[in-house]
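# Examining the three-dimensional arrangement
As a plain string of letters, each chain reads:
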Amino acid sequence: HQIKMADGRIVYFIVGFFAGLFIFFAGFSSLRKKRLIENTPTSKVRSIAMGLVEVYGEVIPTKHILKSPFTNKDCVYYYYTIEEYRRQGKHSSWVTIRRGSEMEHFYLKDSTGSVLVNPSGAKIDIPKDYEFKSSLGKNPPKIVENFLKKSNLNFETFLGLNKTMRYTEYCLA
């Protein structure tokens, strides 16, 4: 009986050790990426060098302009999530039931010129533009309802009551 207890502790120790090791190295990787971003100076478009650069300016679409799904804004990039609040016993959480994004090439223009940006593969970190929560007695806006119908998603239960859902949208106008 004592041997089984010791074996269990060894397993916990090994799992804990490797989890701690993973977190330690992941932290250093995140710190290195953070410092790289912080140490990249903001350049003017005219003086962009090869390699990593940071530029600031106005977004100018190339050919195609996208429409964001929940607010119908003109944009060159959008990302959205649809989440449902679910309860299981004493636990409850938001569960993502759909997410999506779309992007187009665009120009970034400042006082010195413009540069073509291909956002494919980029990690785009922009503030949230829109969030709405629907629940019992609180329907989502019509544009969100239409998007849900096109996506074969339902905001109501089989009894016709509204589910508690959250719709979030990020877009680069």
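Look above for the structure.
One structure accompanies this document, and this report is about it. (Residues numbered from 1 in each chain as written. Predicted model: local features only at pLDDT ≥ 70, side-chain atom pairs only at ≥ 80, totals over all residues. Heavy atoms only, no water.)

### Structural notes on the side chain of Glu145
Assignment of secondary structure puts Glu145 in helix α2 (residues 142-150). Given a relative accessible area of 9%, Glu145 falls into the buried group. Not counting residues within four places of it along the chain, the set of residues in contact with Glu145 comprises Asn139, Pro140 and Phe155. (Helix = DSSP H or I, 4+ residues; strand = E, 2+ residues; numbered from the N terminus. Buried < 20%, exposed > 50% of the residue type's maximum accessible area, 1.4 Å probe, protein only. Contact = heavy atoms within 4.5 Å.)

### Points about the side chain of Ser68
Relative to the helices and strands, Ser68 resides in the loop between β4 (66-67) and β5 (74-75). Side-chain polar atoms of Ser68 contact the backbone nitrogen of Lys73, separated by 2.9 Å. In terms of polar contacts, Ser68 uses its side chain to reach the side chain of Glu169, at 3.3 Å. Setting aside residues no more than four positions away along its own chain, Ser68 makes contact with Lys73, Cys75, Tyr78, Glu169 and Cys171. (Polar contact = N/O pair within 3.5 Å; in protein donor to acceptor, adjacent residues only side chain to side chain.)

### Examining the nonpolar core
By size, the foremost hydrophobic cluster in this structure holds 16 residues, and its most contacted members are Phe70, Tyr78, Tyr80, Ile82, Val144, Leu148 and Tyr167. With residues up to four places along the chain from it excluded, the contact list for Phe70 reads Tyr80, Thr81, Ile82, Tyr130, Ile143, Val144, Phe147, Tyr167, Thr168 and Glu169. (Core = buried A, V, L, I, M, F, W, Y, C linked by side-chain atoms within 4.5 Å.)

### Notes on α2
Looking only at α2, the buried set comprises Val144, Glu145, Phe147 and Leu148. End-on, the buried residues of α2 take up no more than an arc of 160°, which puts them together on one face. Exposed residues pointing more than 90 degrees away from the buried face of α2 are listed as Lys142, Lys149 and Lys150. Contact partners of the buried residues in α2: β6 (77-88), β10 (130-134) and β11 (165-172). Positioned one or two residues after α2, Asn152 has a phi angle of 55°, which is positive. (Arc of directions from axis to C-beta.)

### Quick word on the sheet that holds strand β9 (residues 113-117)
Reading across the sheet, the 3 strands line up as β3-β8-β9 and stay open at both edges, with antiparallel pairing between neighbours. Of all strands in the sheet, those bounded by a partner on one side alone are β3 (58-61) and β9. On average, each strand axis in the sheet is tilted by 30° relative to the strand beside it, whichever way the strands run. Two strands pair when backbone bridges link them, and β3 and strand β8 (residues 106-110) are joined in this way by 4 bridges, in the antiparallel orientation. (Pairing = 2+ DSSP bridges. Axes fitted to C-alpha atoms, helices over the stretch in contact; angles between N-to-C directions.)

### Some points on the sheet that holds β11
If you walk across this open sheet you meet the 4 strands as β7-β6-β11-β10, and the pairing is antiparallel. Each edge of the open sheet is held by one strand with a lone partner, namely β7 (91-103) and β10. Taking each pair of neighbouring strands and ignoring which way they run, the sheet shows an average axis angle of 15°. With 8 bridges joining them, β6 and β11 adopt antiparallel strand pairing. Looking across to β11, one finds that Tyr80 is bridged to Glu169. This element, α2, spans β6, β10 and β11 of the sheet and lies at about 85° to β6.

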